[in-house]
Amino acid sequence: MTHDTTSSRTAVGLLLAFASATTFGMSGVLARGLIDSGWSAGAAVTVRTAIAATVLIVPGVLALRGRWHLVRDNAGLVTIYGVAAVAGAQLCYFYAVTYMQVSVALLLEYTAPVAVVLWLWLRHGHRPSRLTILGAAIAAVGLVLVLDVVSGAELSTVGVLWALGAMVGAATYFVISADESNGLPGISLAAGGLLVAGAVLLAAGGLGLLPLRASTAPAVYDGHAVPWWLPVLALGLVTAAFAYVTGIEAGRRLGSRLASFVALGEVLAAVVFAWLVLGELPRPIQLAGGLLVLAGVVVVKLGETRAPLVAEPEPEPRPEPESVSGRPAA
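Residues numbered from 1 in each chain as written. Predicted model: local features only at pLDDT ≥ 70, side-chain atom pairs only at ≥ 80, totals over all residues. Heavy atoms only, no water.

You'll find the protein entered in an unreviewed UniProt entry as DMT family transporter, with Nocardioides astragali given as the organism. In its Sequence similarities (unreviewed entry) section, the UniProt entry covering the protein states "Belongs to the EamA transporter family." (UniProt positions renumbered as here; feature names shortened; annotations may be inferred.)

Take a look at the structure:
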């Protein structure tokens, strides 16, 4: 692959990753309006997942081009993706925020990039460079400032465990999304994962593990009322279907390590949308933290460039040509 091709692939990957992070960041703001109008968080998550699965199932099937063996061969992977990366991450986060402050739960969930780096190091021997470690540290400091945790927050052991469960789900999302070896088109993986997640969430609701309560009352955002179905469609089409597909495609171009750090932009996007849609103006310290998050991503990218994830294989020795008599030629 030429340098220009690699640079173009990375540039497209970064654009997709930022698009994914931005649209994921809209989900909390949109859901907030629904929850305040009478929806349970579980119902909002379930409807969001179901709409996305419905929208992506047809293009996901078409992208297979009749290669149904890819689905059979990767049934376990798709199930893990749906259960852990989609349903598990959202359910764990939902329970975490019932025991602790939202900002602390979100901070713990977004230690996922560190978990990805450790996983790649321990499982695949992809030792992070010093720049990657430095970028992780800068991004972590920025994330703390964005979430304004420094003002003080109470911790709950149960809440911490649920938030760490959400972190595992998020890390699983990044690792599986970046894997191209399974042969599944990105949109097919997203469709299958969302379909599995929707089934799991509905089952959890049916068993009484997840409260499912909806309302047709208008959703209110910064004093402006909108029909309930508008944020519901936006949650399913934009913050789920579009966000998951672009996230998977970004991961396959950038690798799970870099993609997971770029995804930290979701937190910054959530702060900005909360300001624009809910009228919650971010503090200067949060804006400074956002700049640190972006700086951390840049440093991680520099570390990725200098320390490739996979070493180049040594060329196999070529056999010596033989003479007509069968002995090696001189």
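For a nonpolar patch on the surface, give the residues involved together with the corresponding values.
On the surface, V55, W228, W229, L230, L233, L237 and V238 cluster together into a nonpolar patch covering about 560 Å² of accessible area. Looking at which element gives the most residues to the nonpolar patch, the answer is helix α10 (residues 229-254), with 5 residues. Along the chain, V55 falls in helix α2 (residues 41-64). (Patch = residues over 30% accessible without salt bridge, like charges linked within 9 Å, V, L, I, M, F, W, Y side chains within 5 Å. Areas by Shrake-Rupley, 256 points an atom, 1.4 Å probe, with all protein chains shown as cover. Salt bridge = Lys/Arg side-chain N within 4 Å of Asp/Glu carboxyl O. Helix = DSSP H or I, 4+ residues; strand = E, 2+ residues; numbered from the N terminus.)

Before we move on, could you go through the UniProt feature "transmembrane region" (unreviewed entry) in the protein and cite the residues and values that matter?
Feature annotation in UniProt assigns "transmembrane region" (unreviewed entry) to the following positions: residues 41-64, 76-96, 102-121, 133-153, 159-176, 188-208, 228-246 and 258-278. Counting secondary structure, residues 159-176 comes out at 100% helix and 0% strand; the distance between its end C-alpha atoms is 26 Å.

Go over the packing of aromatic side chains with me, naming the residues and quoting the values.
Tallying each qualifying case throughout the model produces 6 aromatic pairs. Aromatic pair Y173 and F174: ring centres 5.1 Å apart, planes at 65°, arrangement edge-to-face. Comparing Y173 with F174, the two get one shared label, buried. By way of ring pairs, the aromatic residues F24, Y81, Y173, F174 and Y244 are connected into one cluster. (Phe/Tyr/Trp six-rings, centres within 6.5 Å; stacked < 30°, edge-to-face > 60°. Buried < 20%, exposed > 50% of the residue type's maximum accessible area, 1.4 Å probe, protein only.)

Let's hear about the packing of helix α4 (residues 75-96) against helix α8 (residues 157-177): which residues, and what values?
Two elements in contact, α4 and α8, have axes whose closest approach is 8 Å; the angle formed by their N-to-C orientations is 150°. Comparing their axes, α8 and α4 come out roughly antiparallel. Along this stretch, α4 crosses α8, giving a crossing that reads as left-handed. Taken together, the residues of α8 that come into contact with α4 (itself represented by L77, I80, Y81, A84, A85, A89, C92, Y93, Y95 and A96) are G159, W162, A163, G165, A166, G169, A170, T172, Y173, I176 and S177. (Axes fitted to C-alpha atoms, helices over the stretch in contact; angles between N-to-C directions. Parallel < 35°, antiparallel > 145°, perpendicular 65-115°, else oblique. Left-handed = near helix turned anticlockwise from the far one by under 90°. Contact = heavy atoms within 4.5 Å.)

Break down the side chain of R252 for me, citing the residues and quoting the values.
With respect to the helices, strands and loops of the structure, R252 is situated in helix α10. Notably, R252 is buried but unbridged: the nearest opposite-charge side chain belongs to E249, and the N-O separation is 5.0 Å. Apart from the residues within four sequence positions on either side, R252 is in contact with R9, S177, A178, D179, E180, N182, L184, P185, G186 and L189. (Lys, Arg positive; Asp, Glu negative; His and termini not counted.)

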